Number of protein chains: 4
Amino acid sequence: MHKFRRAIFKFFDPTHTDSGASRVFNFGMLVLIFFNILAVVLETEESFYSRYRVYFYYFELFSVGVFTVEYILRLWTCTEQQKYKSPVLGRLQYALSPSMLIDLFSFLPFYIPLGGMDLRFIRAVRLFRLFRLFKMGRYSQSLNKLANVLKSKKEELVITLFSSVVLLILASSLMYFIERESQPELFGSIPKAMWWGAVTLTTVGYGDVYPMTLLGRIIGAFIAVLGIGLFALPAGIIASGFASELQKQKLEQNICPHCGQDINTTP
Amino acid sequence: MHKFRRAIFKFFDPTHTDSGASRVFNFGMLVLIFFNILAVVLETEESFYSRYRVYFYYFELFSVGVFTVEYILRLWTCTEQQKYKSPVLGRLQYALSPSMLIDLFSFLPFYIPLGGMDLRFIRAVRLFRLFRLFKMGRYSQSLNKLANVLKSKKEELVITLFSSVVLLILASSLMYFIERESQPELFGSIPKAMWWGAVTLTTVGYGDVYPMTLLGRIIGAFIAVLGIGLFALPAGIIASGFASELQKQKLEQNICPHCGQDINTTP
Amino acid sequence: MHKFRRAIFKFFDPTHTDSGASRVFNFGMLVLIFFNILAVVLETEESFYSRYRVYFYYFELFSVGVFTVEYILRLWTCTEQQKYKSPVLGRLQYALSPSMLIDLFSFLPFYIPLGGMDLRFIRAVRLFRLFRLFKMGRYSQSLNKLANVLKSKKEELVITLFSSVVLLILASSLMYFIERESQPELFGSIPKAMWWGAVTLTTVGYGDVYPMTLLGRIIGAFIAVLGIGLFALPAGIIASGFASELQKQKLEQNICPHCGQDINTTP
Amino acid sequence: MHKFRRAIFKFFDPTHTDSGASRVFNFGMLVLIFFNILAVVLETEESFYSRYRVYFYYFELFSVGVFTVEYILRLWTCTEQQKYKSPVLGRLQYALSPSMLIDLFSFLPFYIPLGGMDLRFIRAVRLFRLFRLFKMGRYSQSLNKLANVLKSKKEELVITLFSSVVLLILASSLMYFIERESQPELFGSIPKAMWWGAVTLTTVGYGDVYPMTLLGRIIGAFIAVLGIGLFALPAGIIASGFASELQKQKLEQNICPHCGQDINTTP
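Residues numbered from 1 in each chain as written. Chains lettered and ligands numbered in written order. Predicted model: local features only at pLDDT ≥ 70, side-chain atom pairs only at ≥ 80, totals over all residues. Heavy atoms only, no water.

Chemist: Mind laying out helix α1 (residues 2-12) of chain A, listing which residues take part and the relevant values?
Modeler: Residue and element names in this part refer to chain A. Burial in α1 covers these residues: Arg-5, Ile-8, Phe-9 and Phe-12. Projected down its long axis, α1 carries its buried residues within an arc of 100°, all on one side. As for α1, its buried residues are in contact with α2 (20-43), α4 (53-77) and α5 (89-95). (Buried < 20%, exposed > 50% of the residue type's maximum accessible area, 1.4 Å probe, protein only. Helix = DSSP H or I, 4+ residues; strand = E, 2+ residues; numbered from the N terminus. Arc of directions from axis to C-beta. Contact = heavy atoms within 4.5 Å.)

Here is the structure:
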């Protein structure tokens, strides 16, 4: 029994990636989650849903089955880790870890009896399955790497976001002051003008709100030219984060092929 | 008395950040300023303001009280600094420093009697409180770091801005020449065409102005493809500024490979 | 005969670029393909096409002739390569290589008899000539370099694209939930809301779809501010790819500081 | 006379920037050109022009005077340079250099008698004064630095531009094929569809053209997500050009302050 539990634990463990079966399982789970999300997205298209309702139901049954079995097995085998050694307390502690909670919430709503419930509530519960997206974090290295880069550039991103909000408030207040009288419906208060500010500074520019007075256009153009640099910063910061992350990996084993010494140190 | 003054001075001094109380105070001021800005923003929403007018008033009273006390204490303790040693002249000099003027203007308008004044003037004075945003510079390291990066990349940003203006004028003049006759209201003069130029080159593209003639569309597409690179430059420049700022911090303990001494110190 | 075949083979071989005639031929083919594409583009303008129909036909005849002759010569001379030495099997193998298939498809449709065919089918076949664009890859170093950069940054680009899709689904689902009732036609299902999501997160912002409820605008602004960084990432990643590609070229004659040998060669 | 000519030559010479008068002159010329451009821009605003017609005329007289005198002095003193030593042939050669031709064309149209000419022609001649913008290149270091960066990144920019055009053609052809029937006026030919392509891929998104069919929206979203990276590349490339330009300047004199040796070489 112990051996079996250990085998299953190793199977789930992402650090034992040398096993081919483990890698196939990881990829399979990613695909399953992807189709789950696709199902949630397509179910909201009423005409499509009503036609294939049965298939959606069977697919949901299958998915919840897989997720439930995986959850139980993980809970059962977690005692193999030193950290969660205790059969009861360790398992409880493990069940309260973020990734296990995400796993739990991704299939639990299915077991809640919804008979006689409000239709809108049922629909909201259905949407709740989008939560399964976060399960992807367990299997996808891509999302983990992005998360690492975001973490390493946390400070710069916070600075940028904070400055962006300050700029947004200043720009919107200015525009409110200028355009208030000519377009009271769209610029009648600072919160209203902030919709213009957000749409302009992100350069989305839907075209539902824009300055119409001469002064408003001059100031608006100035704000746009000066401000978009700040709102476009995050992309540049994250890109340089990727670049330095990669460089770090490469510099780790930079050894001269002739003499076997590190090329980054001087003799 | 001297000891007390010195203690208060140290409390305000951002270089003595080892004190926990100092850090709590800094954070508290940031939060207070944030809610002040929120209040100014929400007050412009007439229906909301009229309902909670009393609370807005009490919050303003409290804020101005805190700001006034802080201002007086700062002015009183500034003589602890060698620079502003003289009790009268030193204090006057300190009061005229930019950050103290910002502090002063952030609460002074409250004490101006506005009874019998024009309502529009009162509203403008109310908006003036947005000025308190600039007080944030004193407590927020984020804004200071961004300011440092902008300063270090000043030259490139000036080059970019100057070139952008030159491009904007050229593009708008060209478009004015092409679209003048088919859309006299929107492209009837170069200043008018510059609204199109600003909206297009920043890629905001509201959709209120766009070329309609065949030639105008061809040239407009060319200008967009070639020009947006210039207007998007600031983001890239600032991002690389953040990257090199960080690198500089890391290189601080760089050692010369010839003599083994720190290259950043002078002998 | 052998000598002649070898001469033609060398003429086509891009690694023997020292020959001036070879370079002229390469450039000439690029120009010919460019005018072919231009022809396909202009032919779709009905009024223009019907007027110059004859010239379009003669140009097509000439182009197909050149492409056919080039194809036959390449097939004939490929046996000069060790890899495709066998007269029959080697040639067959060569004919099935991607670039030769592209070459074949770029002129083959011309020889298919279309008399009595559906006009729409003929039009689709005409558009098929855009396929000749891919022939450019053979002669243009620019496209090859871009392809190299994209390959070297493949991992980051996949991460970004994957995260973008995840964000798009989350943002659109949220917006569907909020705006569903006020704009059922535009936000009536998640797939419909994804059109808003794509248009907003890429900052295109046509203005045909945008949130109208207060909550929708607040959440929409948040999504835009936070999300555009992710969608703008590829540009930053590719740009840094170009930068490091160039650096690599410069580092090609790098010498190990310990033993003085080139670090890029293996002993 | 010779001494006087040499003094004037040195005054104009940008490499003798130690002279304060020279720097003042340079800055003055930049300001004069700026106001010239402003005049051209404002003159197109008919109501404004007709009111201040006289002032515009006097300013033009003054500017042309300054430009003419500068041109003559430059032509007279150019023989101080070894290159243009010959009094006649040297001066002719100098007069045909690009910057001297720009100078000439910036004031020559003023001397052309326009009496009895077509009003539209006169207007075009007036606009021609925008040409004076290019005179700025002589006095502005900003524009020169940008030009240097663009030159150093010429290859990457050409690659990007070329690939962008290829993508634009492919995307527009695809969209023409899909949307042709539902929106014949906007997508009725590939050149028409290219207006959509340019507006979308640059993320301007005016909103006058967008896909309306389901397939068109799906493909359009894909094109936007994948394509905007390419069109946003130039900004990233130019930004990294600025960064490496600056680094080059800094690395030129990187000497250890302790031992006086170059820190970039190994012992």
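Now that the structure has been shown, we can carry on.
Chemist: Describe the domain arrangement of chain A, naming the residues involved and giving the relevant values.
Modeler: Interfaces are often sized by the accessible area lost when the parts come together. All names here are of chain A. Partitioning chain A into structural domains gives domain 1 (2-134) and domain 2 (136-267). Residue-level contacts link 15 residues of domain 1 with five residues of domain 2. Summed over both sides, the interface between domain 1 and domain 2 buries roughly 820 Å², with carbon and sulfur atoms accounting for 55% of that surface. If you sort the residues of domain 1 by the area they bury against domain 2, Asn-26, Leu-30 and Leu-133 come out on top, with a joint share of 43%. Across the domain 1-domain 2 interface, the total number found is zero salt bridges. The interface formed by domain 1 and domain 2 includes two residue pairs in polar contact (both at pLDDT 80 or more). (Domains from an automatic or database assignment. Buried area = accessible area lost by both parts, 1.4 Å probe. Salt bridge = Lys/Arg side-chain N within 4 Å of Asp/Glu carboxyl O. Polar contact = N/O pair within 3.5 Å; in protein donor to acceptor, adjacent residues only side chain to side chain.)

Chemist: Would you mind going over the packing of helix α1 (residues 2-12) of chain D against helix α4 (residues 53-77) of chain D in detail, with residue names and values included?
Modeler: Residue and element names in this part refer to chain D. Packing of α1 against α4 brings their axes to within 9 Å, and their N-to-C directions diverge by 115°. Crossing handedness for the pair α1 and α4: left-handed. Residues Phe-4, Arg-5, Ile-8, Phe-9 and Phe-12 of α1 pack against Glu-70, Leu-73, Arg-74, Trp-76 and Thr-77 of α4. Classifying every residue of the contact of α1 with α4 by side-chain character gives six nonpolar, one polar and three charged. (Axes fitted to C-alpha atoms, helices over the stretch in contact; angles between N-to-C directions. Left-handed = near helix turned anticlockwise from the far one by under 90°. Nonpolar A, V, L, I, M, F, W, Y, C, P; charged D, E, K, R; others polar.)

Chemist: Which residues make up the nonpolar core, and what values go with them?
Modeler: Counting 230 residues, the largest nonpolar core has A:Phe242, B:Phe242, C:Phe242 and D:Phe242 as the members making the most contacts within it. Apart from the residues within four sequence positions on either side, B:Phe242 is in contact with A:Glu156, A:Ile159, A:Thr160, A:Leu233, A:Ile237, B:Leu146 and B:Val149. (Core = buried A, V, L, I, M, F, W, Y, C linked by side-chain atoms within 4.5 Å.)

Chemist: Any details on the packing of aromatic side chains? Residues and values, ideally.
Modeler: Using the criterion set out here, one finds 68 aromatic pairs over all chains in the structure. Residues C:Phe4 and C:Trp76 carry aromatic rings whose centres are separated by 6.1 Å and whose planes lie at 55° to one another, so their mutual orientation is tilted. In this pair, C:Phe4 is assigned in helix α1 (residues 2-12) and C:Trp76 in helix α4 (residues 53-77), connecting sequence segments 72 residues apart. These aromatic residues form a ring-pair network of at least three members: A:Phe48, A:Tyr49, A:Tyr52, A:Tyr55 and A:Phe56. When the ring centre of B:Tyr176 is taken as origin, the NZ or CZ atom of B:Arg180, which lies over that ring, is 4.9 Å away. Positioned above the aromatic ring of C:Phe67 is the side chain of C:Lys135, whose terminal nitrogen or guanidinium carbon lies 4.7 Å from the ring centre. (Phe/Tyr/Trp six-rings, centres within 6.5 Å; stacked < 30°, edge-to-face > 60°. Lys NZ or Arg CZ within 6 Å of the ring centre and 35° of its normal.)

Chemist: Requested: an account of the packing of α4(D) against helix α6 (residues 98-111) of chain D, with residues and values cited.
Modeler: Residue and element names in this part refer to chain D. Two numbers describe how α4 lies on α6: the axes approach to 10 Å, and their chain directions differ by 140°. In terms of orientation, α4 lies oblique with respect to α6. The two elements α4 and α6 meet at a crossing, and its hand is left-handed. Of the residues in α6, those in contact with Glu-60, Leu-61, Val-64, Phe-67, Thr-68, Glu-70, Tyr-71, Arg-74 and Leu-75 of α4 are Met-100, Asp-103, Leu-104, Ser-106, Phe-107, Phe-110 and Tyr-111. The class makeup of the residues in the contact of α4 with α6 is 10 nonpolar, two polar and four charged. (Parallel < 35°, antiparallel > 145°, perpendicular 65-115°, else oblique.)

Chemist: Could you give an account of the side chain of B:Glu179, naming the residues involved and the relevant values?
Modeler: All names here are of chain B. Checked against the element boundaries, Glu-179 lands in helix α10 (residues 154-179). Buried within the structure, Glu-179 lacks any salt-bridge partner; its nearest side chain of opposite charge belongs to Arg-217, at an N-O separation of 6.8 Å. The residues touching Glu-179, leaving out its near neighbours within four places in the chain, are Phe-187, Pro-211, Met-212, Thr-213 and Gly-216. (Lys, Arg positive; Asp, Glu negative; His and termini not counted.)

Chemist: I'd like a description of the pattern of salt bridges, backed by residues and values.
Modeler: Overall, the coordinates contain 40 salt bridges over all chains when judged by the stated rule. For the salt bridge of C:Glu155 with A:Lys145, the shortest nitrogen-to-oxygen distance reads 2.4 Å. Here A:Lys145 lies in helix α9 (residues 141-152) and C:Glu155 lies in helix α10 (residues 154-179), a pairing that spans two chains. For A:Lys145, a relative accessible area of 28% translates into the label partly exposed.

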